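Read off the chains here:
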Amino acid sequence: MCGIAGIFHPSVPKPVDPARVRAMSDVLAHRGPDGSGVWTAPGVGFGHRRLSIIDLGGGAQPMLTPDEAVAVTFNGEIYNFREVRAALEAKGHIFRTDSDTEVILAGWREWGPDCLSHFNGMFALALYDRTADTLFLARDRLGVKPLFYGDLPDGALVFASELKGLLAHPLLRRGISPQAIEDFLALGYVPDDVCFVEGVKKLPAGHYLLVKRGRRVPAPVAWWDVDFSTPATGKPDALAGELLDHMRTAVRSRMVADVPLGAFLSGGVDSSAVVALMAETSRAAVETCSIGFDEADHDETHYAALVAERFATAHRARKVAAADFSLIDRLVDAFDEPFADASALACLRVSELAREKVKVALSGDGADEAFAGYRRYRLFAAEERVRAALPGAAGRALGRMGDAWPKLDWAPRFLRAKTTLQALGRSSGEAYAAAVGVTPEAIRARLYAPDLKALLQGHRAEDRYVRAMSEAPAADGLSRAQYADLKIWLPGDILTKVDRTSMAVSLEAREPLLDHRLIELAGRVPASLRLRGGSGKWLMKKALEGHLPGEILHRRKMGFVTPISAWFRGPLAGEAAAVARGSALAELGWFDEGAMARIAVDHRAGRADHGRLLWQLMMLEKALQRVFGLGSSGYVAAAK
C-alpha cells in the first residue's frame with residue numbers, strides 16, 4: 001500500500017518542479033513510510049511513498065520501463081500479478097523485478113487501457129506514456145483505493161491519493177463546496193461525486209481518465225460495472241458451493257505478502273468467515289485482533305473470542321473507553337473531508353492494534369452490500385411489497401399520516417411508525433434514499449441559513465440515490481438498492497473509513513469479500529436467495545454452515561458501532577452544548593445557531609436522539625478549521 005501524487009500539464013509540456021511533487025507526496029508519508037521517489041519529465045511529474053509489501057528489495061516507484069518511455073506510480077496490490085506476469089512472459093515480455101508494479105507497465109504496453117480488465121486487485125494508479133504523450137489515471141472496480149484530482153490556475157492537472165496531497169500544492173484553489181456540506185449532513189460522509197474543496201474531483205470507482213496532451217481533459221470512462229439484471233437459475237446448493245469456492249480463492253489470493261499478515265475479527269459473520277478460510281490455508285496461527293467498547297450493548301468481543309478459540313488464532317483484544325476522545329483530531333487529520341461514521345474511532349484503534357504485530361490485515365467489508373446483510377434491506381424489501389400492493393392514493397394517504405405521526409424515539413418500537421408510514425408514501429428511490437440518510441431533509445432545512453440554501457440552488461443529497469436506483473441494471477427493488485449502495489455508500493463511507501484509518505498507521509487493509517468475481521456472483525444470485533425469511537446474506541450463511549458455529553451465523557447483526565449518543569449525554573455533554581458556538585461554523589455563516597443550540601438541548605434532555613447529528617456538526621467544525629483555516633480558537637477552546 002502506498003501514497004501517490006503528481007502533476008501533468010495537458011496543454012503544453014511546462015517544466016514540473018520536483019520539489020512540488022515531493023511536497024505533495026511527502027504529506028502522504030503515513031501511507032508509505034518505507035521509501036519515497038520522485039520522477040519528472042517535460043510536462044509531467046510523479047511522486048510516490050512506499051509501504052513495502054511485495055518484493056521488498058525491488059519494486060521502488062515511480063517505476064519506468066527499460067527504455068523510459070512509460071512511467072507509473074501505483075497505490076494498491078494486484079493479487080493475480082503472477083498469473084498476469086506469466087501471460088505477458090508468454091508474449092515475450094521480460095521482467096527485472098518480482099513486483100506487481102512492473103506487471104502494470106508490461107500490461108499497459110500489451111493491452112493499453114484494457115490492461116485493467118486483466119488485473120484482480122485494489123488500486124489507484126497514474127501512468128505516463130511518452131510515445132502517446134498521455135496521462136492515464138485509473139481506479140479499481142469497487143473503489144477500495146482513492147484518487148483525487150483537480151485543475152490549477154496555471155492549467156496543470158494534479159492528483160493524489162488523499163486530498164491533503166493536493167492541498168500541499170500552493171496554487172490549489174481552496175473554496176468550500178456547499179454541495180459537499182449538504183451531502184455530508186445528509187449522508188454522514190462526502191460521496192465520491194463531490195469534494196469538500198470546490199473544483200476537486202474524485203475519480204469514480206471502476207473508471208479511468210485518459211488525458212492526451214494538447215486536448216481538453218475528457219470525462220472519466222467506466223471500465224467495469226456490476227449487473228443485477230439477470231438472476232441465475234441454479235439450485236441454492238450449487239450456488240452456495242460456487243460462492244464458497246470464490247470466497248476461498250479470494251482469501252487465498254489476499255494472503256500473498258512478504259511481510260507479517262493477520263485479520264480484523266469483530267465476531268460477525270463476515271470477518272469470522274475470512275478468518276475461518278485463512279485458518280484453512282495458513283500453516284501458522286492466524287493473527288487476529290478485536291476492539292470492544294465499555295458500553296455492553298455495543299461490545300462484540302466475546303463473539304470474536306469464540307471464533308478465535310474455534311480456529312486457534314493468535315488473538316488480541318482491547319476495549320475503547322467512553323472517555324477516550326484523543327482520536328478525534330487524528331481522525332480529522334486522516335480524513336481531510338468531514339467524516340461522521342463514528343465507527344472510524346474503533347477502526348483506527350483496531351488498525352493500531354493490528355499494526356503492532358502485522359503489516360497487512362484482511363477485513364470482512366463488502367459482504368453486507370453485495371449479499372443484502374443490512375437490516376435496512378429487510379425493511380425496504382418489506383416496504384416494497386406493501387408499496388406494490390397499494391394504489392397510489394392509498395400510499396400518499398399513508399405518507400401524510402406519517403408526516404403527522406409524532407416522532408417517538410423514546411417509545412416502544414411498535415409505536416415508532418412515523419418512518420415506515422412516510423416511506424410507504426414515497427417512491428422506492430425516495431424511500432431508500434431517506435433510509436440510508438443520517439440527517440433528514442426537514443432537519444437540514446431548519447439548520448441551514450438563507451445563504452446556504454441559496455448557494456445549493458436546489459441541490460439535494462438524496463437525488464443521487466434516486467438516480468442510481470432508477471438507472472440500476474437490476475430486476476427488483478432490493479437489487480436496485482444494493483446497486484446504489486455499491487456505487488455510493490460503499491466507496492464513500494465504508495471503504496473511505498477503512499482506507500484512511502488503516503493508512504493512518506501504515507497498515508495495509510485487504511477486503512477479500514470485495515473480490516470482483518464475488519461481487520459479480522452476488523449480482524447473479526436471485527434476490528430471494530440473498531434475503532430470505534427475514535435473514536440477510538442467506539446464501540452466504542448457507543455456504544458457511546459447515547465452517548462457522550450457528551451462534552455466529554444466526555445471531556442478530558450488531559455492526560461496528562460507537563455509542564456516541566450516550567457519550568453526548570455523559571462525558572461529551574459539554575461538547576454537545578458547545579457545538580452551536582463552534583467558531584468555524586459561526587464564521588462560515590451557513591447555519592442557524594439557534595437551531596443548532598436546540599438540537600443539543602433536546603438531545604441532552606432525552607427528548608430526541610441527535611447523537612449522530614451532533615457528531616456530524618463537531619466533525620464538520622474540525623474539518624473547516626483544518627482545511628480552510630476557519631475559526632480562531634478551535635473547537636476544544638470553544639467548548640471550555
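Located above this text is the structure these notes cover.
Residues numbered from 1 in each chain as written. Predicted model: local features only at pLDDT ≥ 70, side-chain atom pairs only at ≥ 80, totals over all residues. Heavy atoms only, no water.

A.B. asks: Account for the environment of Val38, with residues named and values stated.
C.D. replies: Among the structural elements, Val38 can be located in strand E2 (residues 35-41). Judged by relative accessible area, which is 25%, Val38 ranks as partly exposed. Once the C-alpha coordinates of Val38 and Glu352 are considered, the two residues, 314 residues apart in sequence, prove to be 29 Å apart. (Helix = DSSP H or I, 4+ residues; strand = E, 2+ residues; numbered from the N terminus. Buried < 20%, exposed > 50% of the residue type's maximum accessible area, 1.4 Å probe, protein only.)

A.B. asks: Tell me about the layout of surface pockets, and please be specific about residues and values.
C.D. replies: Taken as a whole, the second largest pocket spans an internal volume of roughly 420 Å³. Taken together, 14 residues make up the lining of the second largest pocket; nearest its centre are Asp193, Pro204, Ala468, Lys487 and Ile488. Of all the secondary-structure elements, those providing two or more residues to the lining of the second largest pocket are helix H18 (463-471) and helix H19 (477-487). When residues of the lining of the second largest pocket are assigned to their parent elements, the largest contribution, 4 residues, is made by H18. A breakdown of the residues in the lining of the second largest pocket according to their chemical character gives 7 nonpolar, 1 polar and 6 charged. (1 Å grid on protein atoms, 1.4 Å probe; cavity = no way out; pocket = protein on both sides within 12 Å on 5 of 7 lines; lining within 4 Å. Points joined across faces, edges and corners; volume = space filled by probe spheres on them. Nonpolar A, V, L, I, M, F, W, Y, C, P; charged D, E, K, R; others polar.)

A.B. asks: Lay out the side chain of Arg316 with the relevant residues and their values.
C.D. replies: When you line up the elements, Arg316 lands in strand E15 (residues 314-320). Polar contacts involving the side chain of Arg316 include one to the side chain of Glu356, which spans 3.3 Å. With sequence-adjacent residues up to four places away left out, Arg316 is seen in contact with Glu287, Thr288, Cys289, Ser290, Leu353, Ala354, Glu356 and Lys357. (Polar contact = N/O pair within 3.5 Å; in protein donor to acceptor, adjacent residues only side chain to side chain. Contact = heavy atoms within 4.5 Å.)

A.B. asks: Describe the sheet that holds strand E7 (residues 134-139), naming the residues involved and giving the relevant values.
C.D. replies: Pairing is antiparallel across the open sheet formed by 6 strands, whose spatial order is E4-E5-E6-E7-E11-E12. Two strands bound the open sheet, and with one partner strand each, they are strand E4 (63-64) and strand E12 (221-222). One ladder, built from 6 bridges, connects strand E6 (residues 121-129) with E7; its direction is antiparallel. Residue pairing for E7: Ala124 is matched across the bridge by Arg139. Packed on one face of the sheet, helix H3 (residues 100-111) meets E4, strand E5 (70-78), E6, E7 and strand E11 (207-212) and runs near 125 degrees to E5. (Pairing = 2+ DSSP bridges. Axes fitted to C-alpha atoms, helices over the stretch in contact; angles between N-to-C directions.)

A.B. asks: Help me get a handle on the nonpolar core, residues and values and all.
C.D. replies: One broad rule of soluble globular proteins: the nonpolar side chains tend to lie buried together. Core analysis: the largest hydrophobic core is formed by 195 residues, its most contacted members being Leu116, Leu185, Leu447, Phe591, Trp615 and Leu624. Every residue in contact with Trp615, bar those within four places of it in the chain, is listed here: Ile328, Phe339, Ala340, Ala342, Leu345, Ile564 and Phe568. (Core = buried A, V, L, I, M, F, W, Y, C linked by side-chain atoms within 4.5 Å.)

These results come straight from atomic positions and should not be treated as a statement about function.
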